[in-house]
Amino acid sequence: MTMIKPKLPLILLFLCYPFAHSSQSRGPIEDLVNRLDSQRSSPQVQESAARGVIERLLNGYSSSFEFKIVSKDVCGGGSCFRIDNYKKSRQNDPEIVIKGTTAVEIVSGLHWYLKYSCGGHISWDKTGGVQIESIPPPGSLPSVKAEGVIIRRPVPWNYYQNVVTSSCKFSAVFPPFGILFYQNLNFCQSK
C-alpha cells in the first residue's frame, strides 16, 4: 500500500507566500497605485478633460472656473481636491479655482462646489438628473470660506463610475489566489 504524504505544508506555503512577500515591499495596494500613477495622462490632458465636463454640463460657466492638477504632496500623499476663491484682478478672471490630484478629483470638486455652495445637483436621470436651476449666473457665483475647502479621500484612488451599479451580477478576481468569484444576486431578479 502506497502512503500518500500530506501536502498541507506545500499548500500553506502557497497560500501564505503572497502575504509574506507583500510585507517586504510597500504592499500590493501601494504597488498597484504607483503603477497606475505612472501611466496617468499629463496634467494638461486631465485639465482639458475636466474642462470638457463643465462645458458639456454647464454651458457658459467654463470661464468661471480654473482647474489645476496638483501633486499628491498637496494632499499629504493621498488623493484630494481643493476649492479656493480666485484672486480676481480683471473683469473676466475665473471666480473659483478647483485643484485636484487627477481630473476625476477636479470634477469631484466641481460637483462638491455646485452641491454645497450653489445648491445644485448633477446625477443620473434615475436619481434626479441635472438640477442646476439654483446655480447663480456666471459672474455671481458664491465664494467659499477664505481658507478654502480641502477634501481628502480615505481611499488610495478614486475613479469615475463606481463598480456598484444597477446590475444584478458581480464578479471579482482575487490576485493572490487567482480566484474568480461570480455571483448572480437573486434579490435583483424580477418576480
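Residues numbered from 1 in each chain as written. Predicted model: local features only at pLDDT ≥ 70, side-chain atom pairs only at ≥ 80, totals over all residues. Heavy atoms only, no water.

1. Thoughts on the nonpolar core
- Counting residues in hydrophobic clusters, the biggest one holds 21 residues, and the most contacted among them are F65, F67, I83, I98, Y113 and L114.
- Those elements that provide at least two residues to this core are helix 3 (43–57), strand 1 (65–69), strand 2 (80–85), strand 3 (96–100) and helix 4 (103–116).
- With 4 residues, the single largest contributor to this core is helix 4.
- In this structure, L114 is in contact with L58, G119, G120, I122 and I135, ignoring residues within four places of it in sequence. (Core = buried A, V, L, I, M, F, W, Y, C linked by side-chain atoms within 4.5 Å. Buried < 20%, exposed > 50% of the residue type's maximum accessible area, 1.4 Å probe, protein only. Helix = DSSP H or I, 4+ residues; strand = E, 2+ residues; numbered from the N terminus. Contact = heavy atoms within 4.5 Å.)

2. Some points on the side chain of E47
- Here E47 is to be found in helix 3.
- Here the side chain of E47 touches I69 through a polar contact of 2.9 Å, landing on its backbone nitrogen.
- When residues no more than four places from it in sequence are discounted, the contact partners of E47 are F67, K68 and I69. (Polar contact = N/O pair within 3.5 Å; in protein donor to acceptor, adjacent residues only side chain to side chain.)

3. Focus: the pattern of salt bridges
- The final tally for this structure, using the stated rule, is 4 salt bridges.
- Residue R153 is joined to E105 by a salt bridge in which the shortest nitrogen-to-oxygen separation is 3.0 Å. Here the residue R153 occupies a position in the loop between strand 6 (149–152) and strand 7 (169–174), and E105 occupies one in helix 4, the gap between them amounting to 48 residues.
- A relative accessible area of 0% means that E105 is categorised as buried.
- E147 is the partner of K145 in a salt bridge, and the nearest nitrogen-oxygen pair spans 4.0 Å. (Salt bridge = Lys/Arg side-chain N within 4 Å of Asp/Glu carboxyl O.)

4. Some thoughts on the sheet that holds strand 1
- Across the sheet, which stays open at both edges, the 4 strands sit in the order 1-3-2-6 with mixed pairing between neighbours. Edge positions in the sheet fall to strand 1 and strand 6, since each of these pairs with one other strand and no more. Here the average twist between neighbouring strands, direction ignored, is 15 degrees.
- The pairing of strand 1 with strand 3 spans 5 bridges and is classified as parallel. Bridge pairing in strand 3 places E66 opposite V97. (Pairing = 2+ DSSP bridges. Axes fitted to C-alpha atoms, helices over the stretch in contact; angles between N-to-C directions.)

5. Notes on the state of the cysteines
- Inspection of every chain in the model, using the stated rule, returns 1 disulfide.
- The disulfide that involves C75 links it to C80, with 1.7 Å between the sulfurs. Taking the sign of the S-S torsion, about -55 degrees here, the bridge from C75 to C80 comes out left-handed. The pair formed by C75 and C80 is uniform in burial state, with each residue classed as buried. (Disulfide = S-S within 2.5 Å.)

6. What about helix 3?
- When the terminal C-alpha atoms of helix 3 are compared, their 21 Å separation across 15 residues agrees well with the 21 Å that a helix rising 1.5 Å per residue should span.
- By the burial criterion, the buried members of helix 3 are Q46, E47, A50, G52, V53 and I54.
- Buried residues in helix 3 make contact with strand 1 and helix 4. (Expected span 1.5 Å × (residues − 1).)

7. Observations regarding the confidence of the model for the protein chain
- For the protein chain, per-residue confidence averages 76 on the pLDDT scale, and residues scoring 70 or more make up 68% of the total.
- In this model residues 19–24 is a low-confidence stretch, pLDDT under 50, and it forms 3 contacts with partners more than four residues away in sequence or in other chains.
- Considering only residues more than four positions removed or in separate chains, one finds that residues 167–191, a stretch of pLDDT under 50, has 24 contacts. (pLDDT = per-residue confidence, 0-100.)

8. With respect to the packing of aromatic side chains
- This model, assessed by the stated rule, comprises 3 aromatic pairs.
- These aromatic residues form a ring-pair network of at least three members: F65, F67 and Y113. (Phe/Tyr/Trp six-rings, centres within 6.5 Å; stacked < 30°, edge-to-face > 60°.)

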